[in-house]
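# Architecture at a glance
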Amino acid sequence: MSAPALSPTSGTPSSTAAASGAASSTTAGQPRIVIAGAGPAAQALVRQLTRAPYAGAITVLSNRDDAPEELLELAVLPQVSVRFGQPASYIDAENRRVTTADGMEFNYDELVIATGSAPAEAPVEGAARCLSYSTIDDAARLGEAVKDVTRVLGRRPLGILVGTGSAAGQAEAVLRARGVRPVRTTVRPAAVVPTLAGSVLPAAGILFEDGSSMNGDLVILAEDRIARDGLAATAGLSTAPGGGIVIGRDFRTSVPGIWAIGDAAAYDGVRLGLLVASGSAASVCASQLLEATMARPLPAAA
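The written sequence of each chain sets the order in which its residues are numbered from 1. In view of the model being predicted, local features appear only for residues whose pLDDT reaches at least 70, and side-chain atom pairs are presented and counted only at 80 or more, with totals across whole chains, interfaces and linings using the full set of residues. By convention in this description, side-chain values take in all heavy atoms of the structure and omit both hydrogens and water.

On to the overall build of the chain. Numbering goes from the N terminus for both helices and strands, where a helix is a DSSP run of H or I of at least four residues and a strand is a run of E of at least two. Secondary structure summary: the chain contains 6 helices and 20 strands in total. Only protein chains enter the accessibility calculation, which uses a 1.4 Å probe. A residue is then buried if its area is under 20% of the maximum for its type, exposed if over 50%, and partly exposed in between. By the burial criterion, 47% of the 302 residues in the chain qualify as buried. Under the convention used here, a 1.4 Å probe and the Shrake-Rupley method define accessible areas, while residue burial counts only the protein chains that appear. For the chain, the accessible surface area stands at approximately 13800 Å², while carbon and sulfur atoms represent 52% of it.

All right, on to the pattern of salt bridges then. What counts as a salt bridge is simple: a side-chain nitrogen of Lys or Arg found within 4 Å of a carboxyl oxygen of Asp or Glu. Enumeration over the complete set of coordinates arrives at 14 salt bridges. Between Arg64 and Asp66 there is a salt bridge; the shortest N-O distance is 2.6 Å. Of the residues examined, Asp66 reaches a relative accessible area of 38% and is grouped as partly exposed. Lys147 serves as the salt-bridge partner of Glu144, at 3.4 Å between the closest nitrogen and oxygen. Taken together, the residues Glu144 and Lys147, both in helix 3 (residues 138–153) and 3 residues apart, mark about one turn of the helix. Given the relative accessible area of 44%, Glu144 is considered partly exposed. Note on Lys147: relative accessible area 46%, which makes it partly exposed.

In this section: the packing of helix 3 against helix 4 (residues 165–177). Put simply, helix 3 and helix 4 touch, their axes get as near as 10 Å, and they point 40 degrees apart. Overall, the two elements helix 3 and helix 4 adopt an arrangement that is oblique. Two packed elements cross with a definite hand, and for helix 3 against helix 4 that hand is right-handed. Packed against helix 3, whose contacting residues are Ala139, Leu142 and Val146, the element helix 4 presents Ala171, Val174 and Leu175 at the interface. For this classification, the nonpolar set comprises Ala, Val, Leu, Ile, Met, Phe, Trp, Tyr, Cys and Pro, the charged set comprises Asp, Glu, Lys and Arg, and every other residue, Gly included, is treated as polar. A class-by-class count of the residues in the contact of helix 3 with helix 4 yields 6 nonpolar, no polar and no charged. Helix axes use the C-alpha atoms of the stretch in contact, all axes being lines fitted to C-alpha atoms, and the angles between their N-to-C directions lie in the range 0 to 180 degrees. Orientation is classified from the angle alone, with under 35 degrees giving roughly parallel, over 145 giving roughly antiparallel, 65 to 115 giving roughly perpendicular, and any other angle giving oblique. In this scheme the crossing of two helices becomes right-handed for a clockwise turn of the near helix relative to the far one and left-handed for an anticlockwise turn of less than a right angle. Here, residues are in contact when the closest pair of their heavy atoms is within 4.5 Å.

All right, on to the nonpolar core then. The set of buried Ala, Val, Leu, Ile, Met, Phe, Trp, Tyr and Cys residues whose side-chain atoms join them within 4.5 Å is what this entry labels a nonpolar core. Core analysis: the biggest nonpolar cluster contains 53 residues, and Ile35, Leu45, Phe251, Ile258 and Ile261 have the highest contact counts within it. No other element matches the 8 residues that helix 6 (residues 278–295) contributes to this core. If we ignore the near neighbours within four places in the chain, the residues touching Ile261 are Ala41, Val112, Ile113, Ala114, Phe251, Leu272, Ala281, Ala282 and Cys285. Listed in part, the 20 residues of the second largest apolar core include Leu142, Val174, Leu175 and Val270.

With respect to the helices and strands, Leu274 occurs in the loop between strand 20 (270–271) and helix 6. C-alpha separation for the pair Leu274 and Thr135, spaced 139 residues apart in sequence, amounts to 4.9 Å. With residues up to four places along the chain from it excluded, the contact list for Leu274 reads Ser134, Thr135, Ile136, Ser166, Ala167, Gln170 and Asp263.

Now for helix 4. For an α-helix, the turn length of 3.6 residues means that residues three or four places apart are oriented alike. Multiplying 1.5 Å by the helix residue count minus one yields the expected span of that helix. With 13 residues, helix 4 should reach 18 Å at 1.5 Å per residue; the first-to-last C-alpha distance of 19 Å fits that figure. Considered for burial, the residues of helix 4 that qualify are Ala167, Ala168, Ala171, Glu172, Val174 and Leu175. Considered in projection along helix 4, the buried side chains sweep an arc of 165 degrees and stay on one side of the axis. In this structure, the buried residues of helix 4 make contact with helix 3, strand 10 (158–162), strand 11 (181–185), strand 15 (218–221) and strand 20. Just past helix 4, the residue Gly179 takes up positive phi, approximately 90 degrees. Comment: arc refers to directions from the helix axis out to C-beta atoms.

To continue, consider the sheet that holds strand 7 (residues 110–113). Spatially, 3-2-1-7-18 is the arrangement adopted by the 5 strands of the open sheet, whose pairing is parallel. Looking at which strands have only one partner, the edges of the open sheet turn out to be strand 3 (80–83) and strand 18 (258–260). Each strand axis lies, on average, 20 degrees off the axis of its neighbour in the sheet, ignoring direction. One ladder, built from 4 bridges, connects strand 1 (residues 32–36) with strand 7; its direction is parallel. Two strands make a pair as long as DSSP finds a minimum of two bridges between them.

It is worth spelling out the sheet that holds strand 6 (residues 105–107) at this point. Pairing within the open sheet is antiparallel, and its 3 strands lie in the order 4-5-6. Two strands lie at the open edges of the sheet, namely strand 4 (88–92) and strand 6, each paired on one side alone. Taking each pair of neighbouring strands and ignoring which way they run, the sheet shows an average axis angle of 25 degrees. The pairing of strand 5 (residues 97–100) with strand 6 spans 3 bridges and is classified as antiparallel. Of the residues in strand 6, the one forming a bridge with Val98 is Phe106.

These figures capture arrangement, not role.
What follows is the structure, given as structure tokens:
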């Protein structure tokens with residue numbers, strides 16, 4: 001299986017307006033890119049587009065009511081409008097229009113779905129004390145955490161890895177490469193055991209339903225996730241049997257004018273986040289979007 005190409009070419013924000021400094025309405029004749037989703041993949045794509053010679057407007061539809069710093073940084077860019085608390089709920093592919101959960105409508109020339117993924121099961125009790133691995137982007141963060149724990153312990157850490165499937169396999173490889181002794185279990189724990197008060201280590205082990213336990217220096221959860229691909233059905237997009245919006249190597253979906261990136265997308269049946277880092281995917285997708293907006297006739301001036 002070959003992954004999508006990795007290099008181009010071969011204040012409280014208002015729910016109906018972007019946060020401080022947001023872009024004004026699109027000038028007639030400019031291309032319009034709408035991004036449904038505001039996670040890491042969407043953010044990386046916005047940064048790539050604003051660094052490129054893209055002369056149009058970018059609208060980001062976020063399902064978050066709060067305004068994290070990383071989104072506020074994008075909202076102040078002159079081309080970008082971030083709509084907080086306005087998740088996309090319906091796509092009219094024929095008329096190239098997106099409707100949000102609150103009934104707002106946004107016309108687009110190109111639409112990118114970047115709605116990410118969600119845990120398949122409810123969080124394990126005490127999961128906040130764990131490290132997690134769900135996409136390739138988590139590898140660097142996991143490596144830094146291992147480095148800190150190794151420095152504190154003064155020895156090679158013992159890591160308990162919970163999970164099955166591709167994510168768990170990748171996490172195990174990352175842990176071994178960073179010098180961790182991983183002990184892997186496919187049985188889901190009932191709870192994460194905290195360390196004693198004052199310890200710099202977040203977790204001491206896991207506890208199972210039958211009362212048995214496993215002890216270690218780190219607990220890493222790499223459990224199954226489900227692509228948030230419900231929006232795809234409203235536009236008739238093809239989805240993979242295991243979930244995720246089917247994309248080609250150029251990140252196009254089965255419907256013209258609609259693209260998908262990040263963990264909402266699937267390439268060759270695998271969640272894209274397990275195949276390509278968000279920054280690399282965003283770079284290629286941005287290049288393809290620029291070509292598409294330049295090739296497609298622009299909206300007529302009013």
